[in-house]
Structures are given as structure tokens and as C-alpha cells.
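Spelled out from the first residue to the last, the chains are:
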2 protein chains.
Amino acid sequence: MLDVEIDKVSSLSSEELASLGEMWRRCAGRIILSTTLARSGHPGGSLSSLHGLLVTYASIRKRPAEPRWEGRDRVVVSMGHISPAVYAVLAEYGYLSEDEFLTGFRRAGAACSGHVEQVVPGVEWNTGNLGQGLSAGCGMALAQKLKGIDAKTIVFMGDGEQQKGQVAEARRFATKFGLDNLIAVVDRNHLQIGGSTEEVMPVNVREEYQAAGWNVIYVGNGHDYNELFSALRRAWLHEDLIPGRPTLLVLRTVMGKGVSFMEGKAKYHGSPLPPEDAKKALSELGLDPGLLDQWQERRDAATDVCKAHEVEHPYPHIEVGEPREYGADVKTDCRSAYGNALEDLAKLNNGGPAPKVLGFSCDLEGSVKMQGLHSVSPNAFIECGIQEHHAAACAGAMSCEGFSVFFSTFGVFAVAETYNQHRLSDQNGSHLKIVSTHLGLDVGEDGPTHQSIDYIGLLNNLFGFSIFMPADPNQTDHIVRHVASVPGNCFVGMGRSKMGVVTTEDGKPFFGKGYKFVPGRADWLRSGGRATFITYGSAVPYVLEAWRLLKEKGVEVGVLNMASIKPLDQDAIEKAALAGPIVTVEDHVPHTGLGGLVAQVLVSRGVAQRVENVGVTHYGGSGKPADLYAAQGIEPGALAARMESLISE
Amino acid sequence: MLDVEIDKVSSLSSEELASLGEMWRRCAGRIILSTTLARSGHPGGSLSSLHGLLVTYASIRKRPAEPRWEGRDRVVVSMGHISPAVYAVLAEYGYLSEDEFLTGFRRAGAACSGHVEQVVPGVEWNTGNLGQGLSAGCGMALAQKLKGIDAKTIVFMGDGEQQKGQVAEARRFATKFGLDNLIAVVDRNHLQIGGSTEEVMPVNVREEYQAAGWNVIYVGNGHDYNELFSALRRAWLHEDLIPGRPTLLVLRTVMGKGVSFMEGKAKYHGSPLPPEDAKKALSELGLDPGLLDQWQERRDAATDVCKAHEVEHPYPHIEVGEPREYGADVKTDCRSAYGNALEDLAKLNNGGPAPKVLGFSCDLEGSVKMQGLHSVSPNAFIECGIQEHHAAACAGAMSCEGFSVFFSTFGVFAVAETYNQHRLSDQNGSHLKIVSTHLGLDVGEDGPTHQSIDYIGLLNNLFGFSIFMPADPNQTDHIVRHVASVPGNCFVGMGRSKMGVVTTEDGKPFFGKGYKFVPGRADWLRSGGRATFITYGSAVPYVLEAWRLLKEKGVEVGVLNMASIKPLDQDAIEKAALAGPIVTVEDHVPHTGLGGLVAQVLVSRGVAQRVENVGVTHYGGSGKPADLYAAQGIEPGALAARMESLISE
């Protein structure tokens, strides 16, 4: 345990150096032991970054017994595969026990995963998908700034990882937002799985960061404590550096450092030592080679491995205010209703020293209607540019910092482009609110590259995401206020076009006064009849018009609106199926969307019924939404005809 | 029509300059007309890049009547929203008619989409999702080099687009592969939708390209033909430039150039002029303002708008050789079988001056078993580093150039991370073969960030992709040879672990001699019985063991292997359902995977039957695959018990 006051002392004392040396020896031993015991893992990069990690942990403000103390400095490890080094150091500081690490590493049911996870106290962010850690670190550093916490965020990255494009995006974001409390550290061992980084894919690391406006400090020997401390201290105090800018430390290191026969060998990136070699390594480190067999016995005996610790990120209390009501004669788009609700939320919640409701935009502020929030609380509006990968990951990380974070862009960018970022956020227990506009063929003239017709198919794979699809501006208002008020990940989707307000049969707003949005509860827009349209979102007006056409002909059918796609109102679907045949209608691929979901409910409930699916069955064109819809059979007359024919079968 | 021999003349003649001026006037007019007629579109960037496009099209080797002539120079327009400028120039050269453009622009059923698409002759690549064009251009430039075609690829990009991380990946790739035939052109008008690029997200464009090792030429006036020509010529001839390196031209331009009241206004990025303003603009250009009304009439009258032209990219004839057979006693992984088959394909097809079978890797050559192909034909092995977004898009583009392209990495990177790149490739009519290893919980100790449990859920949204999941090494061999032999996009997925060979009841390899893989045909691994397990991939051995346990107890059930997920053998599923209850088993989220698909077949076929789904219902941990499977109920004893209980219900 070391606590160096990096902002007060100019160098490490000889006692501290000796202490670091002893810590290093124990940690290196744990790296060898853990990977050999697990018969898998990444010892090479763990050893190359160990000195840097040790100096960093010695210097940060930390409370191992209270790992999520708000005043702490953060350490994000983006190359999650160096988990042996991270766990080894955390064990040194008492965040977790050596026993938990060595008996549980890479073992089902235990906390110490192959890639670092927050279920291990002291780990700030689950990583493993390379290139996302700097974005998460940007989110944390910006959160510290917004909350007025004088603390640092330090992000360790591999050098192979510098190839990922998202890192370039995060770099620019850090510069734009003046994150001078952010320190990135690259473990420059010049090796990746495939061999030399120069052969696999050369990156001029320092030049690239400099081009992005960063301060860059080169540490010629990344295994020298004094050199490491002096560089870290310079970054910490921002000495002789461009003010208001983040800082990169490049540590020139050696893969497998400290074990003679591992040094500089790419194969140890991802391969553990066999037991005999591990014993040799322990001897070289001045440790007892018998430790391996002892730990092997303890590991074999530890049948009840430690369970993962619970992680729950804070979520703020959000005042949602009163819903706005759009009258039956109003014609507007759901986007504007979203923007209005978001502006209300900003007014109600962002008056304190730190805003509570944040909006992330990717150069589409006007299109996604974030101008209201922007003008009400400028520091809550976070414009990321056309950098969706970074924006998604950064928003996910900020949503774990006590903010209600809205991330908005077109569906193609909000889901298809950034699915893997949301997946990692979901695994991190984030509370992200994705509000996506311009979904489906309703994007119109922008054409197929911009048509998001797969958002349910994608997001339905992520266990932590709710999926809500409002039918009109009123329901949008209710849903946006709802998602702001609850923790967890939520997706709210809408099209682009203006639409009328959905009304009851007697012409009153359906989602007006007295309506309350309840997840998992569908809306019978029209009830009764011997068959049912089941629909949601932009398709609703088309279905209601089909309903009217049928009614005129004396054919009574129901219309069920599934604004809550996940959780799904299975009872309502069963009820519809028991009443008669079903036509599902959606601005989405039917077999991965509502069409597929309805089939699953019928089979799981054991209800046999005829179902027809209408939706997007081929890439759409570029034109007016109504024309694009018509080409796929989403047209009132066609829908009515299809329903009639189904009924009469 | 202009054909300047850029490699022979040192400057433009006064006739050529005059001609460019006239072309510019007509094209600028078309930009104004098309967007005002469509009431949407992007005139601002179209005007800022028009001079550059005109000089480029004047200089390239082209055959407008034979737009896909192999010796042509390529022009990829990555910021697809400047389609009005592109179509205007293509109309100038006769690739399409002015009438087709102005009556069909942004109109359902017509070719001239809002973002450029290949259905317009002369367009090389569909774009619109920013940041992907340079990757596609890299693929084309590398294809030219591999095929020994002495031609250039020129990629136009917006400056806002420089924010996208994928551009950074593509830059490095171009440097690594020595693409000195690649010229990137950035239209530096300093404006994006949200306003000034400096305010939205600053990028030091020239510094970033220089840091990546590119040649950079700055054109201070991107509207001056002489300056443009001289810079393009320097890049073309590689004069005073770093040899073997790609070149960037940065054109300093003005948004809306040429129409006084549009110049420098961000709003014209994505907004057309209202008719009155359009007429003013036409007057300013020296054109007849009456053109607008004339074209409006013609557009209104053109009820039968031109249909999109067919695009079919070449696919090579591939010799597939004889399948390898793995004996009943062999235990290996499907990855090795893939690697062996790929090596065979390389030996059989890569002997000519240009290879036919290419392998794209993302720093996982050893894990995805591409070493065989690499050693057989080194120039066919394309190592992209940890740059999956670029790799996927580049591989997609190369698959349209007469190669059989295999793209291999872990499932999380091959699908979840790169879904949107595959989506765009699919829309471009690519012939990509994604062979993904390490799918599912079978990735084991690498933990949840590496667990790809959603590949069907994702790829099932892409209309052009087949999805194949071999059950063992023998079936892998057959499927790999099959996909190499056919055009179109195919996904082949497999786990990480070694497994036994699937055998018949009497112990012979099931997929041995005499077996032929047929898409859309399922395999009855065990037939008969009063219930059926339906499964695929890594779950097969677990199900076969459950089958054995049940058989020992006298319970006869069938086992149906769905190696072809898409197309799906609906008849086989119906047959199973008619025989009795079904248990689906998969290393995937069931409701987005086989579980959901089976339900849809039952409903569409009108067969009522009890179905239970076993699969991944929560994020897995880090440990041995068998332990992770057991935690989700994928374990022979549990599967047998579940089947028994379902039968006895």
C-alpha cells in the first residue's frame, strides 16, 4: 500500500522505491500464477504495463474500502485483457483478496474475468472490446468537471489498440471539451497478437495525438519508477504543457518485462506459461516456485468460488413535470414533442450547480430537436460531431455518473452503427436513454443507407434495454418523461415525418389527459372486432386509416398499439389472437420485429391463429415516405384489403 | 465532355478552361434545380465540391458508355449527400440523362437517390453513412494493384466526415499497403450540418493525414481550375511526394460557391432553395430562371420514372477441390477445418498473376486459422490490424472486384462491431464471405465482452446475407467450399473449442463421403421419435449427448441440425412439429435466434405445437465453455430432463 502525494512531492523516496519494487515482485508473481492456474490469459502485456500501473495506483487518491468514493481519481484500463496486472495491483491495495483473484481468475461464477469487469472492486469500466476505454474515460473526466470534482481520470491503453478508429474520435472530443484532467497512458511494447505493431499495422502514436492537439510526454523507459513518476507528475500538474488540453504518456516498454524468457515475445500476449516455465519464472522473480502447486491445490479445493460483487450505478431523481398535451388538431412530429419534453426536463432539473439531464448529439442537433435543451442549459448539451462510436460509448459512461443521459441521432447511427458500443454499456450497467429519430422508411428521400429498419432486431439482443415506440407526439411526451425518471437503458424510437395526433373514435387525443404510460402495457386504439391490426410507431396512422376504410365497409377490427416493444404485453397479443386473425404492420423488417415477436407469443401461449406480417421486406428507395411505404404494402387500402382477405379465408 | 490527358499535359488550355466554365454553369444549375424540384437534398456541399469534381472527371480515364470498363480510374464519393453534384457531372458526361436526373431525383422508384447509388451509371459505391468511402476506395485501389491495372482511385470526402474514426483506420491501411494509386480529396468548406466544423468538432485534417504517413497537398482555392489541376496532376504523377504513399488533396472551398446568397451558409448543407430563391440563383448563374417551371412540369408529367439500373458485380470461378474428411475419431475445431479448406482454395485458385481467394484478418491470423492461406499466397492475405470497421468495409468493396473475399475475426468483431459496414456492403451488392470464429459462450474465458450471442439476430436483418452454422469440422469444410463457389454475401459461424466429429448412429462421420451441403436443407442427425431437438453449431455435441441419455432411458427423439439458418428449411421444422414437441438449443439468444425462427415457421404454417427454447438468456461469465453452458441450461442432463418433461406434459 502506497499513497504518494503526487501534487506535493517532486520525486519518489528511496523507501517508496523499495516498496514499489516489492509490490512489483508480488504482482508479477500473481500475473504468472493467475494465468498458469487458469491455463489462459494475457501475461505479456500485464508485465509490460505493471510498472506504470503501480506508479499510477500509488499516486491516485483512492479509498479501497470505499471503491466508488466520489472524490477518487479514476483508472480505466481499456486493454481489458491485462486483467492479471490490474487484479494483482488491486489485490495489493486490498480492493480484493489475493485468494479471490488466484482461485477465481477466469472461472465461471467468479468475479475475476478474463477481461476486467466492475464486479471487481476498483475496476471502473468493463472493457475487452478494444478502443472503447478512452471514450469511457472522457465521459468520466467530463463528469468530474461538470460536478466540480477536482480529480483525474487516467486511461491505460495498449499500443495495438491505437489502431481503432474510435480512439481518434475520443482524442478529438477530449481536446474539444478541454479535458485537462484526462491522462492517457499507452503501453508501447510494439507487440500485438499478430507480432510487431509495425508489421501488423503501423501507427505513429505520438504524431497522431499531437495532431489532435494533445500534450504528449514520452517515457523512454516505461519500467523505471522515477521516470514514470516524473512524467505522471508533469501530466498531473500540467507543467510546461498546453493549458486546457489532455495529456498522453507513451511508455516505451517490453512485453513480458521481468521474466527473461518472456521478454519481447509476442506469443505471451495471449498465452500463459506452462507450469514448469511458470515455476522458473517465479524463481527468477525471487519467489517460491512451490507457490504454483500450493495455489493449484487451493484453487481445486475452492468449489464455492467467490461470486461477483453487485454494481449499481447511481441514478438521479428527475422531476418530470406535467405532460404537454397536443390537441386533436395538431400536426407535428414526434421529434418536436421529444425536444419539447427534453427542454422541460432541462428546465426542471438543470438549475443546480451541475446539470442532471444531459443531451448527446452527433452533428444533428436541429434534426433531433435538442436546441431547447441546448439553450436552457448549454453545459448539458454535448456535441460530439460525426463520431457516433465515441459518442455512444462516452454517453454510456456518463450515464453511470449520476446523470440522466439522452443520446440522439438518426436510427442508422443510433443503433446499427453503434450497437456494439451499446452492448458494452449495457454490460456496464449503464442508464442510457437512446432517443432515435428518423427511423424506418419514414426517413424518406435520404434513401436506403439512412433507413433504420432493424432497430428491434438489434436491440432485442441486449438484455438490459427497454424498447419503446410512441405512436404520436402525445405518447412521445409521456414516454420521454417516463424514461427520464427511471434507471436503466431505454430506447425510444420515432420517425421523421409530421403526423396527426392519435385520437379516440370520438376525436379526443388518445394519449391526452388521464393517460399514463406503463411499460409492458399495449393500447387498444380501437377495440372489438373479429380480427386485429397490431402495430406501432410510424405505421399507426396508416393502420388507423385502414381501420376507417374497413369500418366504412362494415368490417369491425381492433387496433392494438405496441408502444412498449420490450417489455411486451403478451396478454394483449394473446387476447387479440383469441379474438381472431392478426395483421402486424410495422416500419421494420417483420421477422426481426413485431412480426417475429407476435409469433413467439402465440407459440409460447399455445394459441393457434392466422397471422400476416406487413413490413419492410426489401431495402427501400429514396422518395416520399408514403411512396416507399406503398411499395412495401404499407398503405391503407392495401392493409384493409389484406385484412379482409385474411378474415374471409 | 472533356478528356484531359493529365499524365501528358502540364496545364489546362484556355479552351479546356472555357469548357469547364460552361460545364460548371450547367452543373450548378442542375444542383439548384434538382434539390428545389425534390424539395430536399444538399445543394451547399454540392456546390463547394463541384469544381473539384469537374476537374477530376475531366482527367480520369473513363468510358461513359461502358461505365464498368476495367481500365477506368475510379471516383468514389464518400459524402454521398452531394449526389446533386455527382449526378450533374455524370449527366454532363452522358452516364445518365439530364432528364432522368431532374425528373427522378429523390423520387421513389427512380435511380437518382438522395445519396449516391451504383444504380446510377458512373457511381462506384453507394455511400451515405459517412466515413466508409475511403475504406471502399482502399479496396478498389488495392484491387487495381493486385490485378496489375495501372489506374487511380480517387475518393472525395467531406470535411465533417473527417471526424469519423473509420477514416483514421483507412488512412493507415492505405499507407501500410503502399496505395500510391489512391488520391483522397477533402472538400474543406469548414461547415457541417451543425455549423462551423471548428465549433462542432475540430479536426486538424492535414496534420492527421501527415501523421499517418500520407502526402498532403493543400489547394488554397478549391474553385480555381488551374490550381486544382496542378494539384491533382502532382498527386497523379507523384511528383515531389513520398514514394509508395497515398496522397491527400485538401481543397479550401466555400459552401454554396457560385450563388452569392448561399455562400458560406451552413443551412444550405441540407436544405434546398425555395422556388423563388432558386430562380434568383439560376439568374445569377446566367441561366434561364424559367427552367425551374419547365422542369417542374416535366417532373410532374413523368409518371413512369426511370427504374434503377441493374448492378451485378463480377464473381470469379472458384475451384473448390475435393472435401477433406475428418474421421470419426478426430477431435479438432471447426476453425482449423476452415483454415485447411481456405488453404486448399488458395492452392487451387491463387496460382495466376492475381490471386482469386483473399483473406482479411484483424490481428487474429492465428486464431482464425488464416496462416495456411497466408503462406500459400502472401499477397492474398490482407492484415488490417485492429481496425475492424475499415477491414469490413474494405473487404466488402474488394468482394465486388472479382475476388472471393473471406473476412475472419471473432464473432463480436465480425458481426456486432461491424454490422453497419456489412449493411452498406449488402446494399452495394457485395459478395463477402464472413467466416466468424469464437462465437457464443464457447469463447469461454474471454468473458461477456467477447461473447457473440446475437449474430443471427443481427444478420437476419440484412436481406442479402445467407447464414450457415456448421455442426462439425466436416460440415465446415463443405460449407466453406460451397460459399467460395457462389456469389453473394454469406456468413459462416463457428465456436472456438475442439469438438468430436458428428457421426451417424453407427459411428461413421455424418458429413463424410457422399455428403453435400445444400443451403436450405436441414440434417436429421437422428430421425424418428415423438419429439425433436432442433439445434446448430456448438450446441450440437451437447444435444447429441442428451439424445444418448434419453435413448438409454428408452426415450426416442429426433435431432435436427439447422446448419442453414438462412435460408431456413421450413419443411423440416414443420415435419418436426407435426411429429411432436420441440426443444430448440443454441449458443445464442433464443428469441432472436433459432427459437424465434421456429416460432415463426409454426405460425406461418399453421401448426400448433409445444416448443421450449434453450439458449443464452443472460450475459455469460468468464470460464470454461461447459461451465458457462451449464449455467444457461445447455448441458446434456438438463436438456434430456427438459425434453422428458415436455414430452410428458
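Residues numbered from 1 in each chain as written. Chains lettered and ligands numbered in written order. Predicted model: local features only at pLDDT ≥ 70, side-chain atom pairs only at ≥ 80, totals over all residues. Heavy atoms only, no water.

Visitor: How should the overall build of chain A be read in this particular structure?
Guide: Helix and strand counts for chain A come out as 23 helices and 21 strands. Rg of the C-alpha trace for chain A: 28 Å, near the compact-globule value of 26 Å for 649 residues, within the 12% margin. Based on the C-alpha atoms only, the size of chain A along its principal axes is roughly 90 × 50 × 45 Å. Across the 649 residues of chain A, 67% fall into the buried class. Look at the contacts in chain A between residues 6 or more apart in sequence, and 78% of them connect residues 24 or more apart. (Helix = DSSP H or I, 4+ residues; strand = E, 2+ residues; numbered from the N terminus. Rg over C-alpha atoms; globule rule 2.2 N^0.38 Å. Buried < 20%, exposed > 50% of the residue type's maximum accessible area, 1.4 Å probe, protein only. Contact = heavy atoms within 4.5 Å.)

Visitor: Could you clarify how one ought to interpret the domain arrangement of chain A in this entry?
Guide: Many authors give the size of an interface as the accessible area that is lost as the parts come together. Each assigned domain of chain A is listed with its residue range as follows: domain 1 (14-301), domain 2 (331-500) and domain 3 (523-648). Averaged C-alpha coordinates put domain 1 of chain A and domain 3 of chain A at centres separated by 53 Å. (Domains from an automatic or database assignment.)

Visitor: Looking at this model, I keep getting lost on the sheet that holds strand S9 (residues 357-361) of chain B. Mind explaining?
Guide: Two strands in a sheet stick together by hydrogen bonds in their backbones, pointing the same way (parallel) or opposite ways (antiparallel). All names here are of chain B. What the seven strands build is an open sheet, ordered S10-S9-S11-S12-S14-S13-S19; its pairing is mixed. Of all strands in the sheet, those bounded by a partner on one side alone are strand S10 (381-383) and strand S19 (564-566). With strand direction ignored, the average angle separating the axes of adjacent strands in the sheet is 20°. Relative to strand S14 (residues 489-493), strand S13 (residues 465-468) is paired through four bridges, and the arrangement is parallel. From the neighbouring strand, Phe465 faces S14, where its bridge partner is Asn489. Each of S9, strand S11 (404-410) and strand S12 (432-437) is contacted by helix H12 (residues 334-349), which is oriented at about 155° to S11, the strand it contacts most. (Pairing = 2+ DSSP bridges. Axes fitted to C-alpha atoms, helices over the stretch in contact; angles between N-to-C directions.)

Visitor: In this structure, what is going on with the interface of chain B and chain A? I would like to understand it.
Guide: Facing the 94 residues of chain B at the interface are 94 residues of chain A. Taken together, both faces of the contact between chain B and chain A bury some 7,400 Å²; the carbon and sulfur share is 54%. Looking at the side of chain B facing chain A, the largest losses of area belong to Arg172(B), Phe463(B) and Tyr619(B), adding up to 10% of the total buried there. The interface formed by chain B and chain A holds eight salt bridges in total. For Lys164(A), the salt bridge is made with Glu417(B), and the minimal N-O distance between the two is 2.5 Å. Scanning the region where chain B abuts chain A turns up 62 residue pairs in polar contact (both at pLDDT 80 or more). Here the residues of the side of chain B that touches chain A are counted per class, giving 33 nonpolar, 39 polar and 22 charged. (Buried area = accessible area lost by both parts, 1.4 Å probe. Salt bridge = Lys/Arg side-chain N within 4 Å of Asp/Glu carboxyl O. Polar contact = N/O pair within 3.5 Å; in protein donor to acceptor, adjacent residues only side chain to side chain. Nonpolar A, V, L, I, M, F, W, Y, C, P; charged D, E, K, R; others polar.)

Visitor: Where do I start with empty space enclosed by the protein in this structure?
Guide: Gaps left between atoms are located by rolling a probe of water-molecule size over the structure's atoms. The final tally for this structure, using the stated rule, is 13 cavities of 30 Å³ or more. Here the largest cavity is characterised by a volume of approximately 130 Å³. Together, 16 residues line the largest cavity, and His591(A), Thr592(A), His591(B), Thr592(B) and Gln600(B) are the ones closest to its centre. Elements with a minimum of two residues in the lining of the largest cavity: helix H21 (594-605) of chain A together with helix H21 (594-605) of chain B. Taken together, the residues of the lining of the largest cavity break down into two nonpolar, 14 polar and no charged. (1 Å grid on protein atoms, 1.4 Å probe; cavity = no way out; pocket = protein on both sides within 12 Å on 5 of 7 lines; lining within 4 Å. Points joined across faces, edges and corners; volume = space filled by probe spheres on them.)

Visitor: Explain the pattern of salt bridges to me, please; I cannot follow it from the model alone.
Guide: Opposite charge on two side chains permits them to pair, given that their charged atoms come into close proximity. Residue and element names in this part refer to chain A. Overall, the coordinates contain 86 salt bridges over all chains when judged by the stated rule. Between Glu124 and Arg68 there is a salt bridge, with the nearest N and O atoms lying 4.0 Å from each other. In this pair, Glu124 is assigned in the loop between helix H4 (98-104) and helix H5 (133-146) and Arg68 in the loop between helix H2 (43-59) and strand S1 (74-77), connecting sequence segments 56 residues apart. Judged by relative accessible area, which is 35%, Arg68 ranks as partly exposed. Three or more residues are tied together by salt bridges with common partners; here these are Arg68, Glu70, Arg72, Arg74, Glu124, Lys147 and Glu401.

Visitor: How should the pairing of strand S11 (residues 404-410) of chain A be read in this particular structure?
Guide: Within a regular strand, side chains alternate between the sheet's two faces. Residues and elements named next belong to chain A. Among the seven residues of S11, seven are classified as buried, and the element is accordingly described as predominantly covered. Relative to S11, strand S9 (residues 357-361) runs parallel, the two being bridged by five bridges. Note that in S11 the partner of Val357 across the bridge is Ser404. Bridging between S11 and strand S12 (residues 432-437) involves six bridges; their strand directions are parallel. Paired with Phe407 across the strands is Ile434, a residue of S12.

Visitor: Just checking my understanding: could you explain the side chain of Asp333(B) for this structure?
Guide: Residue and element names in this part refer to chain B. Relative to the helices and strands, Asp333 is located in strand S8 (residues 331-333). Given the relative accessible area of 3%, Asp333 is considered buried. At 2.5 Å, the side chain of Asp333 forms a polar contact with the side chain of Ser336. Excluding its chain neighbours within four sequence positions, the residues that come into contact with Asp333 are Lys369, Pro473, Arg496, Ser497 and Lys498.

Visitor: So what exactly am I meant to see when it comes to the relation of the copies chain B and chain A here?
Guide: Here the two chain copies are tied together by a rotation about an axis and a shift along that axis. It takes a turn of 180° to lay chain B on chain A, together with a shift of 0.0 Å along the axis; the resulting RMSD is 0.0 Å. These values place the two chain copies in the arrangement generated by a two-fold rotation axis. Identified as the residue of chain B closest to the rotation axis by C-alpha distance is Gly165(B), at 1.9 Å. (Least-squares fit on C-alpha atoms with pLDDT ≥ 70 in both.)

Visitor: Help me out: how do you make sense of the sheet that holds S11(A) in this one?
Guide: Residues and elements named next belong to chain A. Strands sit in the order S10-S9-S11-S12-S14-S13-S19 across an open sheet of seven strands; the sheet is mixed. Unpaired on one side and paired on the other, strand S10 (381-383) and strand S19 (564-566) mark the two borders of the sheet. The mean inter-strand angle of the sheet, taken between neighbouring strand axes irrespective of direction, is 20°. Across the sheet, helix H12 (residues 334-349) lies against S9, S11 and S12, angled at about 155° from S11, the strand it touches most. The strands that helix H14 (residues 388-398) touches are S9, S10, S11 and S12; relative to S11, the one it contacts most, it runs at about 160°.

Visitor: Hey, could you run me through the state of the cysteines in this one?
Guide: Two cysteines, two sulfur atoms, one covalent bond between them: this is a disulfide. For the structure on display, the rule yields zero disulfides over all chains. Cys384(A) provides the cysteine sulfur closest to Cys362(A), a residue in no disulfide bond, and the two sulfurs are 5.3 Å apart. Judged by relative accessible area, Cys362(A) falls into the buried class, the value being 2%. Free cysteine: Cys138(B), not disulfide-bonded; nearest cysteine sulfur from Cys394(B) at 5.7 Å. (Disulfide = S-S within 2.5 Å.)

Visitor: Would you explain helix H10 (residues 275-284) of chain A in this entry?
Guide: Helical periodicity: at 3.6 residues per turn, an α-helix aligns residues three or four positions apart in one direction. Residue and element names in this part refer to chain A. For H10, the full list of buried residues reads Ala278, Lys279, Ala281 and Leu282. The buried residues of H10 occupy an angular sector of 160° when the element is viewed end-on, so they sit on one face. Lining the buried residues of H10 we find helix H1 (14-38) and helix H11 (291-301). Gly286 sits one or two positions beyond H10 and adopts a positive phi of about 80°. (Arc of directions from axis to C-beta.)

Visitor: Please clarify how the packing of aromatic side chains should be interpreted in this entry.
Guide: Two numbers describe a pair of aromatic rings. These are the distance of the centres and the angle of the planes. In the structure shown here, the tally under the stated rule is 28 aromatic pairs over all chains. Plain terms: the ring middles of Phe511(B) and Tyr515(B) are 4.8 Å apart, the flat faces sit at 75° to each other, and that makes the pair edge-to-face. Given the relative accessible area of 0%, Phe511(B) is considered buried. Sitting above the plane of the Tyr218(A) ring, Arg206(A) keeps its charged end 3.8 Å from the centroid. Lying over the aromatic face of Trp295(A), Arg298(A) brings its terminal NZ or CZ to 4.1 Å of the ring centre. (Phe/Tyr/Trp six-rings, centres within 6.5 Å; stacked < 30°, edge-to-face > 60°. Lys NZ or Arg CZ within 6 Å of the ring centre and 35° of its normal.)

Visitor: Help me understand the environment of Val614(B), please; the structure alone is not making it clear to me.
Guide: Residues and elements named next belong to chain B. Along the chain, Val614 turns up in strand S21 (residues 611-614). Between the C-alpha atom of Val614 and that of Thr584, which follows or precedes it by 30 residues, the distance is 5.8 Å. Ignoring any residue separated from it by four or fewer positions in sequence, one finds Val614 in contact with Val583, Thr584, Val585, Glu586, Pro590, Gln632, Gly633, Ile634, Leu639 and Arg642.

Visitor: I keep staring at H1(A) and nothing clicks. Help me out?
Guide: Counted at 1.5 Å a residue, the expected span for H1(A) with its 25 residues is 36 Å, and the 36 Å between its end C-alpha atoms agrees. Positioned one or two residues after H1(A), Arg39(A) has a phi angle of 60°, which is positive. (Expected span 1.5 Å × (residues − 1).)

Visitor: Sorry if this is basic, but what is going on with the environment of Thr35(A) here?
Guide: All names here are of chain A. Note that Thr35 resides in helix H1. A sequence separation of 48 residues divides Thr35 from Ser83, and the C-alpha atoms of the two residues are 9.9 Å apart. Not counting residues up to four positions away in its chain, the partners in contact with Thr35 are Ser40, Gly41, His42, Pro43, Pro84, Phe105 and Pro272.

Visitor: Is there a simple way to explain unusual backbone geometry in this structure?
Guide: Most peptide bonds are trans, and most residues other than glycine sit at a negative phi. Each neighbour pair has its own omega, and for Lys566(A) with Pro567(A) the value is 5°, a cis peptide bond. Residue placement: Pro567(A) occurs in the loop between S19 and helix H20 (570-579). Despite not being glycine, Asp363(B) shows a phi value in the positive range, around 60°. Phi at Lys369(B) takes a positive value of approximately 65°, unusual for a residue other than glycine. Among the structural elements, Lys369(B) can be located in the loop between S9 and helix H13 (371-376). A residue is classified by how much of its surface remains accessible, and Lys369(B), at 23% relative accessible area, is partly exposed.

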